[in-house]
Amino acid sequence: MSDGNHILPQGDPEQVGMSSERLDRLSDAMRGDVDRGEMAGASTLVARRGRVVHLECYGSADVERGVPIDPSTLYRIASMTKPITSLAAMMLFEEGRL
């Protein structure tokens, strides 16, 4: 996979200690959310030990125009302060520093 500047090697989930079956469950859950109309679309990427072991796209990037999501789809992300702060707090808690 290439984003123009970086190359991410693909790998087999089992070779990096992951389960193909569980990744399939992730795909089923995301596809179900799109099929039920709970979200217009999404992309999932899972990497471990420097290898991408799962990359899938679901639904539409533009519902009105019928444009499907693909790996190059750009997402607008707003108000990321709370999730980033929450993640930092969880990491500190796990380290016993909070």
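In case you missed it, the structure is sitting above this.
Given the structure is predicted, the values throughout are model-derived calculations rather than measurements.

Moving on, we come to the overall build of the protein. Scanning the protein from terminus to terminus reveals two helices and three strands. Principal axes of the C-alpha set define a box for the protein whose edges measure 50 × 35 × 30 Å. The buried share among the 98 residues of the protein stands at 18%. In the protein, of all internal contacts separated by at least 6 residues, the share reaching a separation of at least 24 is 41%. Accessible surface for the protein amounts to roughly 7,800 Å². Of this, 53% is attributable to carbon and sulfur atoms. Separation between the mean location of the 11 positive side-chain charges and that of the 15 negative ones in the protein comes to 6 Å.

Before going further, it helps to spend a moment on the pairing of strand E1 (residues 41-48). Bridge count between E1 and strand E2 (residues 51-62): eight bridges; the pairing is antiparallel. Of the residues in E2, the one forming a bridge with Arg48 is Arg51.

This next bit is on the environment of Gly50. As for its position among the elements, Gly50 is in the loop between E1 and E2. Gly50 sits 40 residues away from Met90 along the chain, and the two C-alpha atoms are 24 Å apart.

For the structure on display, the rule yields six salt bridges. Two residues, Arg97 and Glu95, come together in a salt bridge whose shortest N-O distance is 2.9 Å. Given the relative accessible area of 62%, Arg97 is considered exposed. Under the relative-accessibility criterion, Glu95 is labelled partly exposed at 47%. In the salt-bridge network here, residues are joined through shared partners; they are Asp28, Arg31 and Glu56.

Each value, and the rule that gives it
- Residues numbered from 1 in each chain as written.
- Predicted model: local features only at pLDDT ≥ 70, side-chain atom pairs only at ≥ 80, totals over all residues.
- Heavy atoms only, no water.
- Helix = DSSP H or I, 4+ residues; strand = E, 2+ residues; numbered from the N terminus.
- Buried < 20%, exposed > 50% of the residue type's maximum accessible area, 1.4 Å probe, protein only.
- Contact = heavy atoms within 4.5 Å.
- Areas by Shrake-Rupley, 256 points an atom, 1.4 Å probe, with all protein chains shown as cover.
- Lys, Arg positive; Asp, Glu negative; His and termini not counted.
- Charge placed at Lys NZ, Arg CZ, Asp CG, Glu CD.
- Pairing = 2+ DSSP bridges.
- Salt bridge = Lys/Arg side-chain N within 4 Å of Asp/Glu carboxyl O.

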